[in-house]
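# Results of the structural survey
Here is what each chain is made of, one letter per residue.
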There are 2 protein chains.
Amino acid sequence: MTKMIVTPWEVSGHIDYEKLVKEFGTSNITPELLKRIQKHTEDLHFMLSRRIFFSHRDMDWILDKYERGEKFALYTGRGPSGDTHIGHLLPWVLTKWLQDRFDAELYFQITDDEKYMFSDRLELEETNRLGYENALDLIALGFDPEKTFIFVDTDYAKTMYKIAIKIAKRTTFSTAKAVFGFDNSTNIGMTFWPSMQAATCFLPSVIKKKKVPVLIPAAIDQDPYWRISRDVAPKLDYYKPAAIHNTFLPGLQGPDSKMSSSRPESTIFTTDSAEEVGKKIARSFSGGAVTMKEHKEKGGNPDIDTACQYLYAMFEPDDDKIKEIFSGYGKGSITTAEVKDVLVKKINDFLKEHQRKREQARKHIDKFILKD
Amino acid sequence: MTKMIVTPWEVSGHIDYEKLVKEFGTSNITPELLKRIQKHTEDLHFMLSRRIFFSHRDMDWILDKYERGEKFALYTGRGPSGDTHIGHLLPWVLTKWLQDRFDAELYFQITDDEKYMFSDRLELEETNRLGYENALDLIALGFDPEKTFIFVDTDYAKTMYKIAIKIAKRTTFSTAKAVFGFDNSTNIGMTFWPSMQAATCFLPSVIKKKKVPVLIPAAIDQDPYWRISRDVAPKLDYYKPAAIHNTFLPGLQGPDSKMSSSRPESTIFTTDSAEEVGKKIARSFSGGAVTMKEHKEKGGNPDIDTACQYLYAMFEPDDDKIKEIFSGYGKGSITTAEVKDVLVKKINDFLKEHQRKREQARKHIDKFILKD
């Protein structure tokens, strides 16, 4: 088993989520918390009930506020280092559900500055361009243009920089070092940068000119940024941001691999053709037995099978169908080829529609973009 | 003799300018260089002939470029930690002369972000307000609104941040530490900040969309910033900035004191009344003998006398009159009271006119301000 590394810039090895909750000091999403959410939403998104979102900070406090009539804003984002892949969509899908159910505004930060400063190969002009491309994927998911505010850091820097320097002033290099593992060879843009990401936690309050509670749906590796925001919030008289954290959608090479824009072979992009998706899933890591005979006799392991996992985490909302597939695959009555076929059809149905909406989004992206 | 400390944030002790030239690795302004400047300007500003500007980097290269028809831009600025004092005006006066003689554009950076992040007492709203107040003093000196571009960092951050992150990406914490003396307790805004100041060196090139040579007239303590710019310039395909450095106008407490916005007792502000100026100069450090009798017999020392020094550095352009005053004061035929009277009249004549122009400037400041 490879060593687990989870930082905002590197995720590798076998991820032990229970250990992360302890190490990061977050809380598990309990059945009680889910019930409390459901009181307001009626249905419960399968990403919550299936523990794809498994951890949180202060989600109960967000509900306290909501119950007292104080609406929260959502904040999530994207680091534009390449094309959007389906793993990126995962938290956005729940974010959309939260926007609808809680009538919440979304602030969506696209960090072209980060990806430029952290990359050996990307120019700023390229990360900026990718940022606007990635935004199309968000818009394609159906977010409300009246309540969704997308911004690309360097094109919204006048607003962001003013907030960021207030955070930066209250964060020593020592703290940034401890939280992010910086050292003397780190460039001074990277060491400043956490204050740009932390700034979005306070952006809704700055825009609304009152204290706004903020909930961040994001993958667990992004949590360190909010530690900085949470430290600084009381000093600037803002609320500490709350968060709910999702697990990573595994890469095509199996449970210990991760989807990454820079590794196309382990990744399904939102712009892949139906044929590419078919090929990629065909080659994906399988939890089935080595021979068909053995699979029929002993069954496979859906918990490590890529296709089963993608259906579970994103593409099969129906719990009964998931049970049927997992049990059939476990017993061997459903083969790897069959489950891959189911998934390929699901992904391609989704992508066909997504790609159409994505191109439509090009025409009305301006309705969503915050500029200084 | 107190220890000499010269950094962008602290200047104290007895300043040994020859030692600074060696330590900083700059060059003395030689009589040959002055002659070469004079070839283009006809007259020579007394701040140059009197070695108030004493050191430079690449001034000869600036003249090479100029002689080949490539005009340079000027860059200087102000950190708005308080009201403008006459020491601040010193480099601006030469900058104005350079603008006139070389038909040069001026880019003037007001660093409200720096003064906020480096201060225990100042809020950003206050440094921003002070920035626009300080700008009035620059405008009052008569700069050409067609060729003078003033900007306050946080109100021009969209443009500045994009340039700054390109510099920051190429500057390690190690380098910043070595150049500026940062340590682990330094906040991450301060460690980033040098890239905002360095960015202005490349701003004229960004605006003009071609490589523009830049000359920075500034006090010698600001030199470390340009080391960062000079390191990074070739990597970004810009010219290295050139600089000419002035000595500090001593504070009212004598040659080893410094004017500072935060020490009103050692400082003459541009907004001081005639009465305040009279009182401050009356109390200023004198190079005269202890008793009038002794002064008449042995004479005083104009080289340490505050009033003589202010006349020399700023308020008496006439070399013959300076000679007369210094020699008379040295022999004892001119008393401390007399030389102070001469200075008070000169400063008050200047400030009366300056304060009038300063209030006028309020009405047309917009002509000078760069905004995103």
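Here the structure is a predicted model, which means the values were calculated and not measured. (Residues numbered from 1 in each chain as written. Chains lettered and ligands numbered in written order. Predicted model: local features only at pLDDT ≥ 70, side-chain atom pairs only at ≥ 80, totals over all residues. Heavy atoms only, no water.)

## Some details on the pattern of salt bridges
With the rule as written, the count across this model stands at 58 salt bridges over all chains. We note a salt bridge from Lys 39 of chain A to Glu 67 of chain A, for which the minimum N-O separation is 3.7 Å. Of this pair, Lys 39 of chain A sits in helix α2 (residues 31-41) while Glu 67 of chain A sits in helix α4 (residues 59-67), and the two are 28 residues apart along the sequence. Assessed through its relative accessible area of 59%, Lys 39 of chain A is described here as exposed. Put simply, Asp 223 of chain B and Arg 227 of chain B hold a salt bridge, and the shortest N to O gap is 3.3 Å. In this pair, Asp 223 of chain B and Arg 227 of chain B both sit in helix α13 (residues 223-232), four residues apart, roughly one turn of the helix. A single network of salt bridges, built from pairs that share partners, joins Glu 133, Asp 137, Arg 358, Glu 359 and Arg 362 of chain A. (Salt bridge = Lys/Arg side-chain N within 4 Å of Asp/Glu carboxyl O. Helix = DSSP H or I, 4+ residues; strand = E, 2+ residues; numbered from the N terminus. Buried < 20%, exposed > 50% of the residue type's maximum accessible area, 1.4 Å probe, protein only.)

## Observations concerning the relation of the copies chain B and chain A
By a simple turn and slide, chain B fits onto chain A: the slide is 0.0 Å along the axis, the RMSD is 0.0 Å, and the turn is 180 degrees. Here the two chains are linked by the operation of a two-fold rotation axis. Residues of chain B ranked by C-alpha distance from the rotation axis are headed by Lys 158 of chain B, positioned 2.4 Å from it. Interface overlap between copies: 100% of the residues of chain B at the interface are likewise at the interface in chain A, consistent with a symmetric, same-surface contact. (Least-squares fit on C-alpha atoms with pLDDT ≥ 70 in both. Contact = heavy atoms within 4.5 Å.)

## Overview of helix α18 (residues 336-364) of chain B
All names here are of chain B. The end-to-end C-alpha distance of α18, which contains 29 residues, comes to 41 Å, matching closely the 42 Å that a straight helix rising 1.5 Å per residue would cover. Here α18 has its buried residues at Thr 336, Val 339, Lys 340, Leu 343, Val 344, Ile 347, Asn 348, Leu 351, His 354, Arg 358 and Ala 361. Those residues of α18 that are buried are in contact with α5 (86-102), α7 (124-140), α14 (274-282), α15 (292-298), α16 (306-315) and α17 (319-331). (Expected span 1.5 Å × (residues − 1).)

## Topic: the interface of chain B and chain A
Taken residue by residue, the interface counts 37 residues in chain B and 37 residues in chain A. Roughly 3400 Å² is buried in total at the junction of chain B and chain A, and carbon and sulfur atoms are behind 60% of that figure. Three residues, Tyr 161, Lys 169 and Ile 188 of chain B, lead the burial of chain B against chain A; their summed loss comes to 23% of the area buried on that side. Counting the contacts that link chain B with chain A gives 24 residue pairs in polar contact (both at pLDDT 80 or more). Those elements that place two or more of their residues in the side of chain B that touches chain A are α6 (112-117), α7, α8 (157-169), α9 (173-180), α10 (188-192) and α11 (194-199) of chain B. No other element matches α8 of chain B, which puts eight residues into the side of chain B that touches chain A. Within the side of chain B that touches chain A, the residues separate by chemical class into 14 nonpolar, 12 polar and 11 charged. (Buried area = accessible area lost by both parts, 1.4 Å probe. Polar contact = N/O pair within 3.5 Å; in protein donor to acceptor, adjacent residues only side chain to side chain. Nonpolar A, V, L, I, M, F, W, Y, C, P; charged D, E, K, R; others polar.)

## With respect to unusual backbone geometry
Residue and element names in this part refer to chain A. Look at Asp 58: it is not a glycine, yet its phi comes out positive at around 60 degrees. Within the fold, Asp 58 resides in the loop between β4 (53-57) and α4. In this structure Asp 58 comes out as partly exposed when scored by relative accessible area, which is 26%.

## Regarding the confidence of the model for chain A
Any segment with low pLDDT has predicted coordinates that should not be analysed in fine detail. When pLDDT is averaged across chain A, the result is 95; 99% of the residues are at 70 or more. Across the whole predicted complex the pTM is 0.94, and at the interface the ipTM reaches 0.93. (pLDDT = per-residue confidence, 0-100.)

## A closer look at the pairing of strand β11 (residues 254-258) of chain A
Taken together, the two bridges between strand β10 (residues 250-251) of chain A and β11 of chain A define a ladder with antiparallel strand orientation. Across the sheet, Gly 251 of chain A pairs through a bridge with Gly 254 of chain A, a residue of β11 of chain A. (Pairing = 2+ DSSP bridges.)

## So, the sheet that holds strand β6 (residues 106-110) of chain B
All names here are of chain B. Taken in spatial order, the seven strands line up as β3-β4-β9-β8-β5-β6-β7 in an open sheet, and their pairing is mixed. The two strands at the open ends of the sheet, each matched to only one other strand, are β3 (27-28) and β7 (148-152). Here β3 pairs with strand β4 (residues 53-57) via two bridges, running antiparallel. Across the sheet, Ser 27 pairs through a bridge with His 56, a residue of β4. Running over the sheet, helix α1 (residues 17-24) touches β3 and β4 and is turned about 5 degrees from β4. (Axes fitted to C-alpha atoms, helices over the stretch in contact; angles between N-to-C directions.)

## Observations regarding the nonpolar core
The biggest cluster of nonpolar side chains holds 86 residues, and the ones touching the most others in it are Tyr 161, Ile 167 and Phe 192 of chain A together with Tyr 161, Ile 167 and Phe 192 of chain B. Among all residues touching Tyr 161 of chain A, those that are not within four sequence positions of it are Phe 192 and Met 196 of chain A together with Asp 113, Met 117, Thr 154, Ala 157, Tyr 161, Phe 192, Trp 193 and Met 196 of chain B. (Core = buried A, V, L, I, M, F, W, Y, C linked by side-chain atoms within 4.5 Å.)

## Focus on helix α5 (residues 86-102) of chain A
Each turn of an α-helix holds 3.6 residues, which means side chains three or four residues apart point in the same direction. Residue and element names in this part refer to chain A. End to end, α5 covers 24 Å across 17 residues, agreeing with the expected 24 Å (1.5 Å per residue, within 8%). Within α5, 14 of the 17 residues are buried, leaving the element largely enclosed by the surrounding structure. Backbone geometry just after α5 places Asp 103 at a positive phi near 50 degrees.

## Overview of the packing of aromatic side chains
All told, the structure shown has 41 aromatic pairs over all chains when counted by the stated rule. With 4.9 Å between their ring centres and 80 degrees between their planes, Tyr 66 of chain A and Phe 102 of chain A make a pair best called edge-to-face. You can see Tyr 66 of chain A sitting in helix α4 and its partner Phe 102 of chain A sitting in helix α5, a full 36 residues away along the chain. Where Trp 92 of chain B meets Phe 108 of chain B, the ring centres are 5.2 Å apart and the plane angle is 85 degrees; that geometry is what we call edge-to-face. Residue Trp 92 of chain B is located in helix α5, and its partner Phe 108 of chain B is located in strand β6; the two are separated by 16 residues in the primary sequence. The class for Phe 108 of chain B is buried, based on a relative accessible area of 0%. One cation-aromatic arrangement involves Lys 169 of chain A over Tyr 116 of chain B; the distance from NZ or CZ to the ring centre is 4.1 Å. (Phe/Tyr/Trp six-rings, centres within 6.5 Å; stacked < 30°, edge-to-face > 60°. Lys NZ or Arg CZ within 6 Å of the ring centre and 35° of its normal.)

## Focus: the sheet that holds strand β7 (residues 148-152) of chain A
Backbone-to-backbone hydrogen bonds join strands into a sheet, with any given pair of strands oriented parallel or antiparallel. Residues and elements named next belong to chain A. Judged by pairing direction, the sheet is mixed, and its seven strands sit side by side in the order β3-β4-β9-β8-β5-β6-β7 without closing on themselves. Every interior strand has two partners, whereas the edge strands, β3 (27-28) and β7, have only one. In the packing of α5 onto the sheet, contacts are made with β4, β5 (73-78), β6 (106-110), β7, β8 (214-219) and β9 (242-246), and the angle to β5 comes to roughly 160 degrees.

## Section: empty space enclosed by the protein
Residues and elements named next belong to chain B. Overall, the coordinates contain one cavity of 30 Å³ or more when judged by the stated rule. Computed from the structure, the largest cavity encloses a volume of approximately 30 Å³. Forming the boundary of the largest cavity are Cys 201, Phe 202, Ser 205, Val 212, Pro 213, Val 214, Tyr 238, Tyr 239, Lys 240 and Pro 241. (1 Å grid on protein atoms, 1.4 Å probe; cavity = no way out; pocket = protein on both sides within 12 Å on 5 of 7 lines; lining within 4 Å. Points joined across faces, edges and corners; volume = space filled by probe spheres on them.)

## What to know about the pairing of β8 of chain A
Residue and element names in this part refer to chain A. Here β8 lies mainly inside the structure; six of its six residues are buried. Two elements, β5 and β8, share two bridges in a ladder whose sense is parallel. When the sheet's bridge partners are listed, Leu 74 is paired in β8 with Leu 215. The pairing of β8 with β9 spans five bridges and is parallel. Paired with Leu 215 across the bridge in β9 is Ala 242. A crossover links β8 with its parallel partner β9, the connecting element being helix α13 (residues 223-232), and its sense is right-handed. (Right-handed = clockwise from strand over helix to strand, strands pointing away.)

## Some details on the packing of helix α2 (residues 31-41) of chain B against helix α4 (residues 59-67) of chain B
Residue and element names in this part refer to chain B. One can describe the packing of α2 onto α4 by two numbers: an axis separation of 11 Å at closest approach and a directional angle of 30 degrees. Considering the angle they form, α2 stands roughly parallel to α4. The element α2 and its partner α4 pack so that their crossing is left-handed. Of the residues in α4, those touching α2 at Leu 33, Arg 36, Ile 37, Lys 39 and His 40 are Met 59, Asp 60, Leu 63, Asp 64, Tyr 66 and Glu 67. In terms of residue class, the contact of α2 with α4 is built from five nonpolar, one polar and five charged. (Parallel < 35°, antiparallel > 145°, perpendicular 65-115°, else oblique. Left-handed = near helix turned anticlockwise from the far one by under 90°.)

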